[in-house]
Amino acid sequence: MADKKLAFIVQRTPYKSENPKLALTHAISYQTVEILLEDGDTVTPTVCLVGDGVIACLKDQKAMETYGITSTEMHLKSALLVDLDVMVCKEDLDRFGISESMIVLDAEDMGADKKIQIVPFASIVETIKNANHVLFF
Amino acid sequence: MKLAVFVSDYRLNVDTLDRLTSAKLGIILVQNGVYHATLKENGKPSSLLGKNADYYVLMDDLETRGLGSATIDDNIKVISYGDIVDLIFNEYEKTAWL
């Protein structure tokens, strides 16, 4: 009976490398992983967007319309739909001049209750400290 | 030489660009290079935009990333894929990709 905490730290821009999308896909897969665990064992992932990674949460991404691919915005919403904790670094948003009105804050249109949390970097450091495994993307 | 340089990433390209010289320089921002046209870190525009060049940014790649053309500076022309083809064939002799 144990809970493993995973911290997915996204620090690169979306698209081109697709690192943020890869991190989100891995984090979302925690639901599937639990099928393979012993009874009572759980995995709790948290996705943290820091540095250039905060750009991933800009809203109105039209990747499907322009290139026929799922947008990083849609991946973020899918993460909220499966109740993942998603944190975005406030200092880095401020550094880029990105306001709350410019980013995805929830996935209510998909029926998700979870919301993206804008937090100080200290909170993300705390998440890293409390994680059993830290994965950088 | 008339040189068009495609900038496709947000980091690590400025040093290389500084070493390129040409009679006419065009900088075409595509893929993640479009962030140079829109993001202002600590209120400052990208240092890449300080060169003596004609600047272009691809609309499709702006829209893909959730960026509109409203925040683009007047000295950067928002263009389509068709416009890029015209630039390559009509305006520049050589192209480079960073």
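One can find the structure itself at the top, above this paragraph.
Since this is a predicted model, take the numbers as computed values, not measurements.

(A) The overall build of chain A, seen in detail. The number of helices and strands found in chain A is 6 helices and 5 strands. Sequence-ordered secondary structure for chain A, helices as α and strands as β, is β-α-α-β-α-α-β-α-β-α-β. Once the C-alpha set of chain A is aligned to its principal axes, its extents read approximately 45 × 35 × 30 Å. Among the 137 residues that make up chain A, the fraction classed as buried is 44%. Sequence-distant contacts in chain A: of pairs separated by 6 or more residues, those separated by 24 or more amount to 79%. Just so you have it, chain A exposes about 6800 Å², and 54% of that area is on carbon and sulfur atoms. Averaging the locations of the 13 positively and 21 negatively charged side chains of chain A gives two centres separated by 6 Å.

(B) Quick peek at the interface of chain A and chain B. Facing 17 residues of chain A, the contacting portion of chain B comprises 21 residues. For the pair chain A and chain B, the two sides together bury roughly 1500 Å², of which 52% comes from carbon and sulfur. Among the residues of chain A in contact with chain B, Lys16, Tyr67 and Arg95 of chain A are the three that bury the most area, contributing 37% of the side total. Counting across the chain A and chain B interface gives 2 salt bridges. There are 14 residue pairs in polar contact (both at pLDDT 80 or more) connecting chain A and chain B.

(C) Here's a closer look at the nonpolar core. With 62 residues, the main nonpolar core has Val47 and Leu49 of chain A together with Ile27, Leu29, Leu48 and Val57 of chain B as its most contacted residues. At 5 residues, the largest contribution of residues to this core is made by strand β1 (residues 3-10) of chain A. Other than its neighbours up to four places away in sequence, Leu49 of chain A contacts Val10, Val54, Cys57, Leu76, Met87, Val88, Cys89 and Ile124 of chain A. Formed by 10 residues, the second largest nonpolar core is a distinct cluster that contains Ile28, Val30, Leu58 and Leu87 of chain B.

(D) Examining the side chain of Gln61 of chain A more closely. Along the chain, Gln61 of chain A falls in the loop between β2 (42-49) and α3 (63-67). Since its relative accessible area comes to 7%, Gln61 of chain A is described here as buried. In this structure the side chain of Gln61 of chain A is engaged in a polar contact, spanning 2.9 Å, whose partner is the backbone oxygen of Ala56 of chain A. Among the polar contacts made by the side chain of Gln61 of chain A, one reaches the main-chain carbonyl oxygen of Leu58 of chain A at a distance of 2.7 Å. Every residue in contact with Gln61 of chain A, bar those within four places of it in the chain, is listed here: Tyr15, Ala56, Ser71, Thr72 and Glu73 of chain A together with Glu63, Thr64, Arg65 and Gly66 of chain B.

(E) Expanded view of the side chain of Thr127 of chain A. By secondary structure assignment, the location of Thr127 of chain A is in helix α6 (residues 121-130). Thr127 of chain A has contacts with Ala7, Thr46, Cys48 and Met87 of chain A, leaving out every residue within four places of it along the chain.

(F) Spotlight on the sheet that holds β2 of chain A. All names here are of chain A. Pairing in this open sheet of 5 strands is parallel, and the strands run β4-β3-β2-β1-β5 from one edge to the other. In the strand order of this sheet, the two ends are held by β4 (117-119) and β5 (133-136), each with one partner. Put simply, the sheet's adjacent strands are angled 25° from each other on average, direction ignored. Pairing of β1 with β2, which is carried by 8 bridges, proceeds in the parallel orientation. Following the sheet pairing, Ile9 is matched in β2 by Cys48. Of the strands in this sheet, β1 and β2 are in contact with helix α1 (residues 19-28), which crosses β1 at around 165°. Where α6 meets the sheet, it contacts β1, β2, β3 (85-89), β4 and β5, and its direction lies at approximately 135° from that of β3.

(G) Seen up close, the pairing of β2 of chain A. Residue and element names in this part refer to chain A. With respect to burial, β2 is a largely interior element, 6 of its 8 residues being buried. As paired strands, β2 and β3 are joined by 4 bridges and run parallel to one another. When the bridges of β3 are listed, Leu49 appears paired with Val88.

(H) Here's a closer look at the pairing of strand β5 (residues 54-58) of chain B. Residues and elements named next belong to chain B. In terms of burial, β5 is a largely internal element, 4 of the 5 residues being buried. Here 4 bridges tie strand β2 (residues 24-29) to β5, and the two strands are oriented parallel to one another. Opposite Gly26, over in β5, you have Asp54 as the bridge partner. Bridge count between β5 and strand β6 (residues 76-79): 4 bridges; the pairing is parallel. What sits directly across from Tyr55, in β6, is Ile76. As a crossover connection, the stretch from β5 through helix α3 (residues 59-64) into β6 is right-handed.

Criteria and cut-off values
- Residues numbered from 1 in each chain as written.
- Chains lettered and ligands numbered in written order.
- Predicted model: local features only at pLDDT ≥ 70, side-chain atom pairs only at ≥ 80, totals over all residues.
- Heavy atoms only, no water.
- Helix = DSSP H or I, 4+ residues; strand = E, 2+ residues; numbered from the N terminus.
- Buried < 20%, exposed > 50% of the residue type's maximum accessible area, 1.4 Å probe, protein only.
- Contact = heavy atoms within 4.5 Å.
- Areas by Shrake-Rupley, 256 points an atom, 1.4 Å probe, with all protein chains shown as cover.
- Lys, Arg positive; Asp, Glu negative; His and termini not counted.
- Charge placed at Lys NZ, Arg CZ, Asp CG, Glu CD.
- Buried area = accessible area lost by both parts, 1.4 Å probe.
- Salt bridge = Lys/Arg side-chain N within 4 Å of Asp/Glu carboxyl O.
- Polar contact = N/O pair within 3.5 Å; in protein donor to acceptor, adjacent residues only side chain to side chain.
- Core = buried A, V, L, I, M, F, W, Y, C linked by side-chain atoms within 4.5 Å.
- Pairing = 2+ DSSP bridges.
- Axes fitted to C-alpha atoms, helices over the stretch in contact; angles between N-to-C directions.
- Right-handed = clockwise from strand over helix to strand, strands pointing away.

Any link to function would need more than the numbers given here.
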